[in-house]
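Descriptive structure summary
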There are 4 protein chains.
Amino acid sequence: MTDDHKNDKTFGEAVWIGAGNMGLPMAKNLLASGIRLGVHNRSKNRLTPLLEAGALEITDLPGSLSATPLVFTMLADDAAVGEMVSKSGGILERLSRGGVHVSMGTLSPAFVEKLTGMHRERGQVLVSAPVFGRPDRARAGTLTIVAAGPSETVDAVLPLLERMGSTVFRVGEDPALANHVKILGNFTLGGLLETLAESLSFARRVGVSPDQLVEILDTALYRSPVFRNYGQMMAREEFQPAGFRMRLGLKDVRLALAEADRVEVPLPLADLLHAGYLAGIHRGYEDWDWAALGRVRAEDAGVAERSLPVRTRTED
Amino acid sequence: MTDDHKNDKTFGEAVWIGAGNMGLPMAKNLLASGIRLGVHNRSKNRLTPLLEAGALEITDLPGSLSATPLVFTMLADDAAVGEMVSKSGGILERLSRGGVHVSMGTLSPAFVEKLTGMHRERGQVLVSAPVFGRPDRARAGTLTIVAAGPSETVDAVLPLLERMGSTVFRVGEDPALANHVKILGNFTLGGLLETLAESLSFARRVGVSPDQLVEILDTALYRSPVFRNYGQMMAREEFQPAGFRMRLGLKDVRLALAEADRVEVPLPLADLLHAGYLAGIHRGYEDWDWAALGRVRAEDAGVAERSLPVRTRTED
Amino acid sequence: MTDDHKNDKTFGEAVWIGAGNMGLPMAKNLLASGIRLGVHNRSKNRLTPLLEAGALEITDLPGSLSATPLVFTMLADDAAVGEMVSKSGGILERLSRGGVHVSMGTLSPAFVEKLTGMHRERGQVLVSAPVFGRPDRARAGTLTIVAAGPSETVDAVLPLLERMGSTVFRVGEDPALANHVKILGNFTLGGLLETLAESLSFARRVGVSPDQLVEILDTALYRSPVFRNYGQMMAREEFQPAGFRMRLGLKDVRLALAEADRVEVPLPLADLLHAGYLAGIHRGYEDWDWAALGRVRAEDAGVAERSLPVRTRTED
Amino acid sequence: MTDDHKNDKTFGEAVWIGAGNMGLPMAKNLLASGIRLGVHNRSKNRLTPLLEAGALEITDLPGSLSATPLVFTMLADDAAVGEMVSKSGGILERLSRGGVHVSMGTLSPAFVEKLTGMHRERGQVLVSAPVFGRPDRARAGTLTIVAAGPSETVDAVLPLLERMGSTVFRVGEDPALANHVKILGNFTLGGLLETLAESLSFARRVGVSPDQLVEILDTALYRSPVFRNYGQMMAREEFQPAGFRMRLGLKDVRLALAEADRVEVPLPLADLLHAGYLAGIHRGYEDWDWAALGRVRAEDAGVAERSLPVRTRTED
């Protein structure tokens, strides 16, 4: 193994860190490429399906990181990645010069900028490759992946990313660009939720069937599964179990607002979402699907079907 | 011809009023059904293509209205319909008892409620049937039509509506319901524009390609021609010539806000749109496509490419 | 009595219409000037205190209107004034050419513009003179009055207005200007309420005493009785009985929004107020003081002390 | 000098750090109490007026900090205080156990919470005592001071605070409470600016004199110097030189939004201010008075008197 993997055109081995609802099926698809894959997860028992599919259990993470040219992380947030990167025996300390870190989680661009610099100082290379899609698409290998990083490094990992996603977009050399795209994607979904929430409250109020409204508008205008799915969920008030919890929706809009503030872009619609999720959380919808924004707006329009339990200060 | 057309299952003749960009191709498709169609338009010269296609020119509108069981109007706004209905020799005065008025324009629900009562008092029947789609879809006969009115009357006109649209939705017995759906549809498009406007401003600011962002999000999430079309238009700043002028966007959001206020539903997103269009109009974008909301947000984010001419008070 | 009262420097007699909570004390102060005052009110029994103070009961309103050069109206809204002006035997029909109508209610500028034209056509003169102040200041004769109308007519009525208010501002020749000022004044109070509502919710949340916050900020910054009064009312949640009902607050912000829309001025803060009052009304605060906007914001911040009864659709 | 100054009822000596526009006059007033005051400032030349008034120049800051029971800081922001507290030879390292740090700057509550814990660990005591008032009031000794900290420590420093301010409010034992009050005070001023900005734009549009509007509303409703001063500044568009720069207004609203988000309180009015200041900064008003928010709203209402230079991306 040379000191510089940048020119490798293919990777025969890698370390995978993170076996959550997304990471597990993604790693499984990666394995099917024939790559030799060492896997690590905080809870060991989550690894069983991967080991059965041929992955190697990592018993000495620092050692494995030292011995491999490539490490993937699919972790929940900045804090989890920061810990894995910076801890003693972690990625920064152990990955070789020229080694590649492909981070696939939804992280803040500000953190990814910092991470980029930290890896660069150690002669390592960061590729940021967050994904769009829920666990079902992760299992099917049909995620959309947005990758950014030095061009030849992205070239090198591309065949691996293509095992996990049906489409891989390359958005530039600066890794944080991929995270901007991911954050913007989630923000647009929030915009759709707000639009639906207000429209369906209005519809209920004037006697238009919410379900039919969604069907008509999807037929007449959108022809979009996302529009139809969220529209139906909100029309039918199917907010539990959550596909994506309101608390996570709040986390996402905070990411968007923090970034927007950093670059001094006003986002009035994100402000509306932020206020709406907070109100929803105070009404007890924290663990409901973020589409329960529809319930918040319905209540403010006087068309909700129950009274609101308001959490008082002392309960918090 | 009896005094009551409600039980007629088919109409062999009708009067069509309005030959604008939408009305003309709609009437042409209607003609193809074999119906005997008298046509009227304020500017006679607009009628030529219809006359060539077999329509009959109306020289005595009051007489024609008296002699037919069915009249269609495809007119620009409440005022135009109100004039045609209420004037001396107009629809209200001349249409026979049991006669049917099918109004296909985008009118305010409040006005349609009034119109419903006026017709009812005269023993006439109103069907409201606004349409979704631009002139190209009107020509192709693939509009989506939303119809509301007394059930058997809608039954009777349905075969005619189906000549003009590929899909006809029935939303209830109260004609105004169809207009609520139409207004809500336009409002959701406004929501999409706001979402895109903020996202693309953010993207420009951080160096993400606006055009690529639209492609990625459409691929990853929306798979919607409307999302893609408006997204590209805004990413490329192709605001002229306007498909739908900002001034009309303002008219639509005013309709939504007026109705929402009447039924006491808060619409904070519509408030944002209202403020955004007004700002755009004061910056000189009145006749640009309403997607120029993207320009307004870009300017407020410091990423527009030119200075803003601000109209002063005295110019108004 | 000549045909033209414009050059009269003083009025010795007048008709007063409207004896509500404001109109009654205002008329009483006017009487003290020694003017001969005929008084009219829909409910006769409200007139007793005025008759005891020397007013003349009007038994034939059309006759009295014909015989006097000056009529004051202090009525609730556009509709009430419109009726009194336009009805058979009303002001427009009976007031002599050159007669003066001083309208002191809070009317919409659009209506006042119409009214100005109607009077002008009949050779009559309108002065609009809405007031700031509650009934206590009306009784004390310390209202602030904002007058607009033709200069010499305002000159002529000024001594009478000064019996009712301690300060009279003249804002121009166009009567509607006075109503714009009145609407703007009420809008600024709404802005103060929103500011307090958000600040006090924040304070409650972090453990700052709401009452002390108001005291500190009034001492440090505002030194304003209005700030202190509304601040204390909101800090102490003293929303009943209402000094000014939330339903009326909604009416006022609607006036501001309607005017702003007419002249194409965005008012995002008024939009917030509008949404806030609507939410409050749906939560049952319609008849509470409009400062109960503080309750609405507190609920959305999770610091309200009770659950929210939400009115359902069927109750409306 | 004992190891614990908590029970001292008076302090005869102190160190003062920070001689900016506020710190200098405040220290001067403190000196007049007869206290022995060592003074320190990054730029030595700012200290001259204090030395002339009897202050002692500090040549060895760590030594002085070790020798005194009391240190005041009047520094610009979290970063400046953090540096002075945490650096080698700084307050944390050198102040004796039981020593008191009185921080008088406008800091974030989150930072003050951290600072409180840091001092507590070292057996030191933090009093937070931010001030309301501009340099003129600092010179006159008529600031309003909001103090929070352990009760007996506040007792002990109270006579000193009263040399600098005409009113000292005590808001509790937790130092961060004082900073919450300060932040809320500045937020309410922002609310006043937004209210004025929208009102004056509306007034300009309909032909009401902005200057007269301010005079009328102050007379009729507010009777508040703050209302009148900001109102006049905005009515007359006197935005330069800035009393308080828009860039600082943005900093303040960011503090409020960050705190509000931390405790999950929606602040829609603060969102409006944030968007408004950002738009203003992109239009080139960064160094104008924050009352230039009035210019931003006027431009969006089409009543500004010049065209807008919009800074493009490349200029940033």
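Look up: the structure comes first, before these words.
Focus: the overall build of chain A
The helix and strand inventory of chain A stands at 14 helices and nine strands. Its C-alpha atoms give chain A a radius of gyration of 22 Å, near enough to 20 Å, the size a compact globule of 316 residues would have. Projected onto the principal axes, the alpha-carbon positions of chain A cover approximately 70 × 40 × 35 Å. The buried share of chain A, reckoned over its 316 residues, is 64%. In chain A, once contacts between residues fewer than 6 apart in sequence are set aside, the share between residues at least 24 apart is 66%. In the form shown here, chain A has an accessible surface area of approximately 11000 Å², with 49% of it arising from carbon and sulfur atoms. Charge-centre separation for chain A: the mean point of 35 positive side chains lies 3 Å from the mean point of 39 negative side chains.

What to know about the interface of chain A and chain B
With 56 residues of chain A at the contact, the number on the chain B side is 56 residues. Here chain A meets chain B over a buried area of about 4900 Å², counting both sides, of which 74% is carbon and sulfur. Here chain A is connected to chain B by zero salt bridges. Counting the contacts that link chain A with chain B gives 14 residue pairs in polar contact (both at pLDDT 80 or more). Considering every element that reaches the side of chain A that touches chain B, the biggest residue donor is helix 9 (residues 176–206) of chain A, with 19 residues. When grouped by side-chain class, the residues that make up the side of chain A that touches chain B number 33 nonpolar, 13 polar and 10 charged.

Focus: the packing of helix 9 (residues 176–206) of chain C against helix 10 (residues 210–222) of chain C
A pair of packed helices can be characterised by two numbers: the angle between their axes and the separation between those axes. All names here are of chain C. Contact geometry for helix 9 and helix 10: axes closest at 9 Å, N-to-C directions at 130 degrees. Between helix 9 and helix 10, the crossing angle belongs to the class labelled oblique. The way helix 9 lies across helix 10 gives a crossing that is right-handed. Of helix 10, the residues touching helix 9 (which contributes Ser199, Leu200, Ala203 and Arg204) are Pro210, Leu213 and Val214. Classifying every residue of the contact of helix 9 with helix 10 gives five nonpolar, one polar and one charged.

A few points about helix 9 (residues 176–206) of chain D
An α-helical segment advances 3.6 residues per turn. Residues three or four places apart therefore align on the same side. Residues and elements named next belong to chain D. Taking 1.5 Å per residue as the helical rise, helix 9 with its 31 residues ought to reach 45 Å, and the 45 Å between its terminal C-alpha atoms agrees with that figure. Of all the 31 residues making up helix 9, 31 are buried; the element is thus mostly covered by neighbouring parts of the structure. One or two residues past the end of helix 9 sits Gly207, with phi positive at roughly 90 degrees.

Observations concerning the relation of the copies chain A and chain B
For these two chains of identical sequence, chain A goes onto chain B by a turn of 180 degrees and a shift of 0.0 Å along the axis, with RMSD 0.0 Å. In the structure described here, the two chain copies are related by an operation that fits a two-fold rotation axis. When each C-alpha of chain A is compared by its distance to the rotation axis, Ser224 of chain A comes out closest, at 2.5 Å. Of the interface residues in chain A, 100% have counterparts in chain B that sit at the interface too, so the contact is made through matching surfaces.

Some words on the pattern of salt bridges
Across all of its chains, the model carries 68 salt bridges over all chains by this definition. The salt bridge involving Glu93 of chain D is made with Arg94 of chain D; its shortest N-O contact spans 3.0 Å. Three or more residues are tied together by salt bridges with common partners; here these are Arg283, Glu299 and Asp300 of chain A together with Arg283, Glu299 and Asp300 of chain C.

Notes on the pairing of strand 5 (residues 100–103) of chain C
All names here are of chain C. Burial of strand 5 is two-sided: the residues Val100 and Val102 facing one way and the residues His101 and Ser103 facing the other way are all buried. Pairing analysis gives four bridges linking strand 4 (residues 70–73) to strand 5, with the strands arranged parallel. Of the residues in strand 5, the one forming a bridge with Thr73 is Ser103. Tracing the backbone out of strand 5, into helix 6 (residues 109–121) and back to the parallel element strand 6 (residues 125–128) gives a crossover that is right-handed.

Brief notes about the interface of chain D and chain C
Across the boundary between the two partners, chain D contributes 56 residues, which contact 56 residues of chain C. Between chain D and chain C lies a buried interface of about 4900 Å² when both sides are counted; carbon and sulfur atoms form 75% of it. For the chain D face of the interface with chain C, the top three residues by lost area are Leu184, Phe202 and Tyr222 of chain D, together amounting to 14%. Linking chain D with chain C are zero salt bridges, by the criterion used here. The tally of links from chain D across to chain C stands at 14 residue pairs in polar contact (both at pLDDT 80 or more). Where the side of chain D that touches chain C is concerned, the elements lending two or more residues are strand 8 (143–147), strand 9 (165–170), helix 9, helix 10 (210–222), helix 11 (225–235), helix 12 (246–262) and helix 13 (268–282) of chain D.

Quick notes on the relation of the copies chain D and chain C
When chain D is fitted onto chain C, the two copies agree to an RMSD of 0.0 Å after a turn of 180 degrees and an axial shift of 0.0 Å. When the interface residues of chain D are mapped onto chain C, 100% of them are again interface residues, pointing to one common binding face.

So, the sheet that holds strand 4 (residues 70–73) of chain D
Two modes of strand pairing occur in sheets, parallel and antiparallel, and in both the strands are linked by backbone hydrogen bonds. Residue and element names in this part refer to chain D. Pairing within the open sheet is parallel, and its six strands lie in the order 3-2-1-4-5-6. Strands with a single pairing partner mark the edges of an open sheet, and in this sheet they are strand 3 (56–57) and strand 6 (125–128). Taken strand by strand, helix 1 (residues 23–31) contacts strand 1 (13–17), strand 2 (36–40) and strand 4, and its axis lies near 170 degrees from that of strand 1.

What about the packing of helix 9 of chain A against helix 11 (residues 225–235) of chain A?
Residue and element names in this part refer to chain A. Close contact between helix 9 and helix 11 brings their axes to 10 Å; oriented N to C, the two are set at 45 degrees. Relative to helix 11, the element helix 9 lies oblique. Crossing geometry of helix 9 relative to helix 11 is assigned as right-handed. Residues Leu189, Leu192, Leu193, Leu196, Ala197, Leu200 and Arg204 of helix 9 form the contact with helix 11, whose participating residues are Val226, Phe227, Tyr230, Gly231, Met234 and Ala235. The residue inventory of the contact of helix 9 with helix 11, partitioned by class, reads 11 nonpolar, one polar and one charged.

Some points on unusual backbone geometry
A cis geometry characterises the amide bond from Gln240 of chain A onward to Pro241 of chain A, with omega recorded as -5 degrees. At Arg223 of chain B, a position not held by glycine, the phi torsion is positive, near 45 degrees. For Arg223 of chain B, the position within the fold is in the loop between helix 10 (210–222) and helix 11 (225–235).

With respect to the packing of aromatic side chains
Residue and element names in this part refer to chain A. Considering all chains together, one arrives at 27 aromatic pairs over all chains under this definition. Ring geometry for Phe239 against Trp288: centres 6.1 Å apart, planes inclined by 25 degrees, an arrangement best described as stacked. One end of the pair, Phe239, is in the loop between helix 11 and helix 12 (246–262); the other, Trp288, is in the loop between helix 13 (268–282) and helix 14 (293–300), with 49 residues separating them in the sequence. This pair shows no difference in class: Phe239 is buried, exactly as Trp288 is. Members of the aromatic cluster, connected to one another through ring pairs, are Tyr230, Phe244, Tyr277 and Trp290.

Thresholds applied
Residues numbered from 1 in each chain as written. Chains lettered and ligands numbered in written order. Predicted model: local features only at pLDDT ≥ 70, side-chain atom pairs only at ≥ 80, totals over all residues. Heavy atoms only, no water. Helix = DSSP H or I, 4+ residues; strand = E, 2+ residues; numbered from the N terminus. Rg over C-alpha atoms; globule rule 2.2 N^0.38 Å. Buried < 20%, exposed > 50% of the residue type's maximum accessible area, 1.4 Å probe, protein only. Contact = heavy atoms within 4.5 Å. Areas by Shrake-Rupley, 256 points an atom, 1.4 Å probe, with all protein chains shown as cover. Lys, Arg positive; Asp, Glu negative; His and termini not counted. Charge placed at Lys NZ, Arg CZ, Asp CG, Glu CD. Buried area = accessible area lost by both parts, 1.4 Å probe. Salt bridge = Lys/Arg side-chain N within 4 Å of Asp/Glu carboxyl O. Polar contact = N/O pair within 3.5 Å; in protein donor to acceptor, adjacent residues only side chain to side chain. Nonpolar A, V, L, I, M, F, W, Y, C, P; charged D, E, K, R; others polar. Axes fitted to C-alpha atoms, helices over the stretch in contact; angles between N-to-C directions. Parallel < 35°, antiparallel > 145°, perpendicular 65-115°, else oblique. Left-handed = near helix turned anticlockwise from the far one by under 90°. Expected span 1.5 Å × (residues − 1). Least-squares fit on C-alpha atoms with pLDDT ≥ 70 in both. Pairing = 2+ DSSP bridges. Right-handed = clockwise from strand over helix to strand, strands pointing away. Phe/Tyr/Trp six-rings, centres within 6.5 Å; stacked < 30°, edge-to-face > 60°.

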